[in-house]
Amino acid sequence: MEDDRAGSESYIQIQSDQVQSRLYSANSTIVKDQIHLYKRRWYVLVVFGLFSATQNMVWNSWGPISTTSEEAFGWDDSTIAWMSNWGPISFVLSGLFFPWLLQVKGLRFSVVVSMAFVTVGTWLRIISVDPDFMTYLIHLGQFLNGLAGPIGMASVSKISVTWFHPEERVTATAIGTSLGSLGAALSFVAGPYFVSSQLPAKTFPQTIVIRDIPQDRYLTVAQLRNSTLREAAVYRQQEQDVIWQYLFYEFLWSGILMGVILIQFPSTPPKPPGRSAVAEREEYWTGMRAIWRNVPFLTIAFTYAISIGVLSVWGSVLNINLSTIGISQEFSGQIGFHATWISCIASLVVGRFADRCGGKMKSLIVLLYVSASFVFVGFLFALYSETFSSTAVICLTVIAGSTFLSASTPLLYELACEMVYPIEEATPNGLMAFFTNVAGIVFLGVFSFPNVGTMWMNWTLVLAVIVCIPLTMTLNVTYRRMDLERLDQGARSKVI
């Protein structure tokens, strides 16, 4: 293992030295005299963030409205889990292909193809109103939406290095990841708003299990004479109608954003924003082989996968989790929404601080993980303790723990790129996202076992965070891209 580690680091160092030599010779004039920052970089970042947000919003459509969906379509918790699980499954199937596509075809082509998957996926979910057939189409739509995940998750560091000054990169990555997370946050409030709030009050006994009631048109004569069953069947039809409307709104927004991307979304600026932006990168498959020998990167990838990966899918089924302690679908959505947008703000603050204090990313990651572990242990304790098991404690611990952990995302992305440079940025980020989705498949797959309950979810999250702390503390960090940019600290980017 030590020989492999030494060999991989030596290989990457040689490649980095070669890149630096080429930059100082043939390309030194270009780098010093033609470095520019374009104001349109913010447009590119925001549009990409909206694409990522839309993909996340569609992926997380069902968890926040799981109670209503189960009633409307006769689903159970395992069906809701599989709706979320299609994202990780399709990612694993395509996660190594799309980073290659990004390197070969460029940012614009990759984003257009990925956004097309999202648009077609949302269209499939609304082309039928028959509940049984609609269920199959929803599964297919969720799968297609998941195919957009590799570009949505793996491209943000590519955008930051291609469009942004070295002192803005962590901030740009934080903005990109935060905008993507806001899509999931929006689903926590949009789902309950467009679905639950549009339904009339139930006028039949709460003991009636709506999902066991046949469709209105399938009621027998005897059932039609039973006013309670008839009212329940009509209510179930109303639930299906409001869900269809919600899915239509998601399709409409996806189509609008697809049009914006087709009209204007450039791959690269005319002139680079820094030295490393124009440095040669390894060919994708060569870099992929080398990255598997890079032990520090694999440590980062494992840390990201088992912590952020578990947190993401844990949050997607938060309603199922909290419903066992009497918290409603609407309030669970509010908790998820606030946890996500506060996490986005924290990511921006941490990212900007990391840009200002270059070389401190490892320390920040350790601090965030230690803080998250304490908070999530408190959440677990609140679930078991009658004294501290209040809604306020549950709410605060979920929000605080998610904030601390999610704020590490841009740091882990950028640190991985630093460690493997001059390998293309999409390669390490894509592989990290690939591992994350594998963790998500395993986590959500547990719901397939009957009577599995929900407490295992919380123990898994706590242990996943704690395990990552010693791994990160022992990490040997090198900042390859940052060192290259510091070779010419006098060259500043001109803003156009």
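Up top is the structure these notes are about.
None of the values given here were measured: they were computed from a predicted structure. (Residues numbered from 1 in each chain as written. Predicted model: local features only at pLDDT ≥ 70, side-chain atom pairs only at ≥ 80, totals over all residues. Heavy atoms only, no water.)

Before going further, it helps to spend a moment on the overall build of the chain. Of the regular secondary structure elements, the chain holds 24 helices and 2 strands. Counting only contacts in the chain whose residues sit at least 6 apart along the sequence, the fraction spanning at least 24 positions is 86%. Carbon and sulfur atoms form 64% of the exposed surface of the chain, whose accessible area is close to 19900 Å². (Helix = DSSP H or I, 4+ residues; strand = E, 2+ residues; numbered from the N terminus. Contact = heavy atoms within 4.5 Å. Areas by Shrake-Rupley, 256 points an atom, 1.4 Å probe, with all protein chains shown as cover.)

A separate point is the side chain of S90. Turning to its location among the elements, S90 is positioned in helix 5 (residues 77-94). In this structure the side chain of S90 is engaged in a polar contact, spanning 3.1 Å, whose partner is the backbone oxygen of G87. Among the polar contacts made by the side chain of S90, one reaches the main-chain carbonyl oxygen of F143 at a distance of 3.3 Å. Ignoring anything within four residues of it in the chain, the contact list for S90 reads F143, G146 and L147. (Polar contact = N/O pair within 3.5 Å; in protein donor to acceptor, adjacent residues only side chain to side chain.)

Moving on, we come to the environment of Q240. Relative to the helices and strands, Q240 is located in helix 13 (residues 227-263). Assessed through its relative accessible area of 5%, Q240 is described here as buried. Remark: the alpha-carbon pair of Q240 and P131, spanning 109 residues in sequence, is separated by 7.8 Å. (Buried < 20%, exposed > 50% of the residue type's maximum accessible area, 1.4 Å probe, protein only.)

What follows concerns helix 15 (residues 284-291). Residues of helix 15 that are buried: Y284, G287, M288, A290 and I291. In a view along the axis of helix 15, the buried residues occupy a sector of 165°, so they form one face of it. (Arc of directions from axis to C-beta.)

Attention now goes to helix 22 (residues 426-445). Count 3.6 residues to each turn of an α-helix, and residues three or four apart come out pointing the same way. Compared with the 28 Å implied by 1.5 Å per residue over 20 residues, the 28 Å span of helix 22 between its first and last C-alpha is a close match. Across the 20 residues of helix 22, 16 count as buried, placing the element largely inside the fold. (Expected span 1.5 Å × (residues − 1).)

Another aspect to go through is the pattern of salt bridges. Inspection of the entire model under this criterion finds 4 salt bridges. In this structure, K158 engages E424 in a salt bridge whose closest nitrogen and oxygen atoms are separated by 2.6 Å. Of this pair, K158 sits in helix 10 (residues 156-163) while E424 sits in the loop between helix 21 (409-420) and helix 22, and the two are 266 residues apart along the sequence. Judged by relative accessible area, which is 4%, E424 ranks as buried. Here D355 ties to R352 by a salt bridge, and the two come within 3.7 Å at their closest N and O atoms. You can see D355 and its partner R352 sitting in helix 18 (residues 329-356), 3 residues apart, about one turn around the helix. Under the relative-accessibility criterion, D355 is labelled buried at 12%. (Salt bridge = Lys/Arg side-chain N within 4 Å of Asp/Glu carboxyl O.)

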